[in-house]
Structures are given as structure tokens and as C-alpha cells.
Amino acid sequence: MSANNFTAKKAPILQVKNLQTGFKIDGDYYNAVEGVSFDVDRKQIVGVVGESGCGKSVMSLSIMQLLPQGIGKIRGGEITFEGENISEFSDKKMNQIRGKDISMIFQEPMTSLNPVFTIGYQIEEVILNHEKISKKEARLRSVALLKSVGIPRAEKIVEEYPHQLSGGMRQRVMIAMAIACQPKLLIADEPTTALDVTVQAQILELLKGIQESNDMAIILITHDLGVVAEICDEVIVMYAGKIVERASVDELFNNPKHPYTDLLMKAIPKMTEDVEKLATIEGLVPSVINMPQVGCRFANRCPAAMPECLTVTPMLNDVASNHQTACLLYDSSWPEGETRQREGATIQ
Ligand SMILES: Nc1ncnc2c1ncn2[C@@H]1O[C@H](COP(=O)(O)OP(=O)(O)O)[C@@H](O)[C@H]1O
Ligand SMILES: [Mg+2]
């Protein structure tokens, strides 16, 4: 699909096509993200869920080109932002985009904030990097930004250092920095995981509010489907480096298909239940060096697995409008009971 002038207006802001990202371990590359494709529309909030180690962060670091140098590498696929293939951009070109058109916030703000500089200095640095305005104007803007993310005494906070703030306040500062240049896309990688439940809810509400007022798209990464239900439009479920299900939020919650999604949903804490009763999914996500070469990567943990699941690699198939899953149970091209290697079902 090429974006011509006629369709350009409606084109998604971000298109990830068949992304393969690998890590060099003992001289060989092993893929942590394997053939991931999805679109993010303008102003849309797309949730990405999956247990720890499923490739959520690697996928977002790939989009930002922030993979550890010399170790992590985009090995295939395309990442198109506003019609341009940014996976081929040089560092210099990416620097112009990062923080301006696409921003990212991380789980632990202390790792992204510099302890030796004031909050104000760090926000102003982002602004001055991308815009030709005076330091005085940048200071005024950072105070306004801090106010907009709900930080009280913003005039005073700009003079303070990160360690003087609480975790929730630091995350607000990170959000202020991320939205300083009004990016069109924000990637939020587990932005509330390190915070207590009340603060989590406030930060999610803040993100939703900013998304609406700034017409920004968000990729919200979390291991918690409950968070997704709060604010997302669409959801991508990742398992072991692949997308196993994708749907609108309503469709996913009303009509989950993949057994993995089902188990993740059972792991959402409910107000009425004891936390101890929470279902946990037995077993572990395979490590990048131990990925099954054929078949479904979830098969050995799946309560619904059939013998074929070990030999036939499931592809993402439509199961309803705006709903796909990669599971042989829902694959119409896979007649029940038949065992054969399906064409095109290859992974390396
Ligand atoms: N620097 C690295 N070197 C080798 N493997 C890595 C590195 N970073 C991440 N990985 C591996 O990539 C896989 C996906 O990790 P990650 O994207 O961080 O998972 P998630 O964010 O979903 O918890 C994991 O198996 C992880 O061990
Ligand atoms: Mg992560």
C-alpha cells in the first residue's frame, strides 16, 4: 500500500510493518520482536499488553531507534511515521523527530531525569533543542507545562531537582517534558507501573486529557489489561515477540479469542475479589534464545492447545470486523483434525 496524495490525509500516523528486532548474543542475532505489524491512527490510543518479556519495550525502542547500540538491531520491516520510513533515518534525522514529533515516557522517571539538573533546566533543554525561542520564553513555557500536568507551585518546582519530588510528581514532570513540543505521537512504556494505584489513575486521566486537548496519538504499553480498559481505543496483545490478538477495546473485552488474552483477562484484579484468587498463567515466556521455531509460541502454556499447535504456525486472521487473532482455534483455513504444515507459515 503506498500513500499517494489522495489517501495521505487519512493515512495512519504510524505504520509498523513486519518489524523484526534482534539482539546479538554470543555473535548471533536472536529476534525479540518477530514480524509485528500494526497501525496507529491520528488521535488514537493503542494499548499494547503482554507479560514481562514479550517484546513490548523492544518494539517501542525500535520505533524510537533507541535500541542499545551494537547489541539491538532492527533486522527487517518498516516503520513509517507520517508517510516516511523512519527506520532508515540517520541519528541526526531521528534527533530532530525524537522529543518533537514522537516522544516517549518510561516506567521509572528517575532513569530519564538527570539528577544534577533542575526540573526547569531539563524541560527547557527539550524545548530549546527543537525551537528557536529565548531561554526566558522557554522558562515561562516550562512553568505553564508543569501547571498543565497538575504540578502545584510550578514556579518553585522548576528550580528543584528530581529527587525532591515524589514518584507521581516525577512522572508528571516526564509527561510535561514529553509533551513540551506538542508531539503527534507519545509512546508511554508502563508509565504507571511504578506508582501506587491512586496515582496510577490520576496519571492515566492526565494522559487521556492531554491526548484530547493536543490531538495526540498514544501507544500505551502495559502488562495490565485493566489499564487498557480505562483509556484505550484499540488493543494489541503480544506474546513472545509476536502479536497474538488485535481488536478494538470493546471487542476485545466482550469477545476475547486467544487463550492467552483470556488468561490475561482472568489476571485483572477485581474490586470484589481477593488478590490471592487472581489467576496466574503457569510457566514462563520463552527467552529470545529459546523461541519455538515452528508452531504457536504459547502452545506449551495453553490450556486449549491441540497437537497441531506445536507444528503449525498460526497467522493473524480476521475473526470479526476490526478483530484479528493468531490461533488455530479460530483459523478457518485450518480444517479441524487436519495436520499439515501450512504454506507461508515460516518463522526463523
Ligand atoms: N539488551 C538486551 N539484550 C538481550 N536481550 C534483550 C535485551 N533487551 C531485551 N531483551 C530481551 O528481549 C525480550 C523482550 O524484552 P522486552 O521488550 O523488554 O519485554 P517487555 O517490555 O514486554 O517486558 C526479552 O526476552 C528480553 O530478555
Ligand atoms: Mg518493558
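Above this text is the structure in question.
Here the structure is a predicted model, which means the values were calculated and not measured.

Draft legend 1. Region of interest: the sheet that holds strand β2 (residues 28-40). Spatially, four strands are ordered β2-β1-β4-β5 in an open sheet, and the strand pairing comes out antiparallel. What marks the edges here is a single partner per strand, and that holds for β2 and β5 (84-85). Relative to strand β4 (residues 72-81), strand β1 (residues 14-25) is paired through eight bridges, and the arrangement is antiparallel. Opposite Gly22, over in β4, you have Lys73 as the bridge partner. The sheet strands contacting helix α2 (residues 56-64) are β1, β2 and β4, and the helix crosses β1 at an angle near 110°.

Draft legend 2. Quick peek at the environment of Met169. Its location among the elements puts Met169 in helix α8 (residues 167-178). Residue Met169 is classed as partly exposed on the basis of its relative accessible area of 25%. As for Met169 and Pro109, which are separated by 60 residues in sequence, their C-alpha atoms are 9.6 Å apart. Setting aside anything within four residues of it in sequence, one finds Met169 in contact with Gly150, Ile151 and Pro152.

Draft legend 3. Structural context of empty space enclosed by the protein. Inspection of the entire model under this criterion finds one cavity of 30 Å³ or more. Surrounding the largest cavity, 13 residues form its lining, Pro259, Cys296, Cys302, Cys309 and Cys327 being those nearest its centre. Taken together, the residues of the lining of the largest cavity break down into 12 nonpolar, one polar and no charged.

Draft legend 4. Quick look at the site of ligand 1. Every residue near ligand 1 is listed here: Phe23, Ala32, Glu51, Ser52, Gly53, Cys54, Gly55, Lys56, Ser57, Val58, Pro68 and Val288. Residue Gly53 places a main-chain N or O atom 2.7 Å away from an oxygen atom belonging to ligand 1. In the model, an oxygen atom of ligand 1 is placed 3.1 Å from a nitrogen or oxygen of the Gly55 main chain. For ligand 1, whose unbound accessible area comes to 560 Å², protein coverage reaches 68%. The element that contributes the greatest number of residues to the shell around ligand 1 is α2, accounting for three residues. Class assignment of the residues belonging to the shell around ligand 1 gives a composition of six nonpolar, four polar and two charged.

Draft legend 5. Expanded view of unusual backbone geometry. Not every positive phi belongs to a glycine, and Arg153 is a case in point at roughly 55°. Among the structural elements, Arg153 can be located in the loop between α6 (135-148) and α7 (154-157). Phi is positive for Asp215, which is not a glycine, with a value near 50°. Taking relative accessible area as the criterion, Asp215 reaches 44% and is therefore assigned partly exposed.

Draft legend 6. How the structure looks around the pattern of salt bridges. Taken as a whole and judged by the stated rule, the model has 14 salt bridges. With its nearest N and O atoms 3.0 Å apart, the salt bridge here joins Glu131 to Arg141. Residue Glu131 is located in the loop between α5 (119-130) and α6, and its partner Arg141 is located in helix α6; the two are separated by 10 residues in the primary sequence. Ionic pairing is found between Glu155 and Lys147, a salt bridge with its closest N-O pair at 2.8 Å. Exposure remark for Glu155: the relative accessible area of 46% places this residue in the partly exposed category. Taking the relative accessible area as the measure of exposure, Lys147 reaches 46% and is therefore partly exposed.

Definitions and cut-offs
Residues numbered from 1 in each chain as written. Chains lettered and ligands numbered in written order. Predicted model: local features only at pLDDT ≥ 70, side-chain atom pairs only at ≥ 80, totals over all residues. Heavy atoms only, no water. Pairing = 2+ DSSP bridges. Helix = DSSP H or I, 4+ residues; strand = E, 2+ residues; numbered from the N terminus. Contact = heavy atoms within 4.5 Å. Axes fitted to C-alpha atoms, helices over the stretch in contact; angles between N-to-C directions. Buried < 20%, exposed > 50% of the residue type's maximum accessible area, 1.4 Å probe, protein only. 1 Å grid on protein atoms, 1.4 Å probe; cavity = no way out; pocket = protein on both sides within 12 Å on 5 of 7 lines; lining within 4 Å. Points joined across faces, edges and corners; volume = space filled by probe spheres on them. Nonpolar A, V, L, I, M, F, W, Y, C, P; charged D, E, K, R; others polar. Near = heavy atom within 4 Å. Polar contact = N/O pair within 3.5 Å; in protein donor to acceptor, adjacent residues only side chain to side chain. Areas by Shrake-Rupley, 256 points an atom, 1.4 Å probe, with all protein chains shown as cover. Salt bridge = Lys/Arg side-chain N within 4 Å of Asp/Glu carboxyl O.

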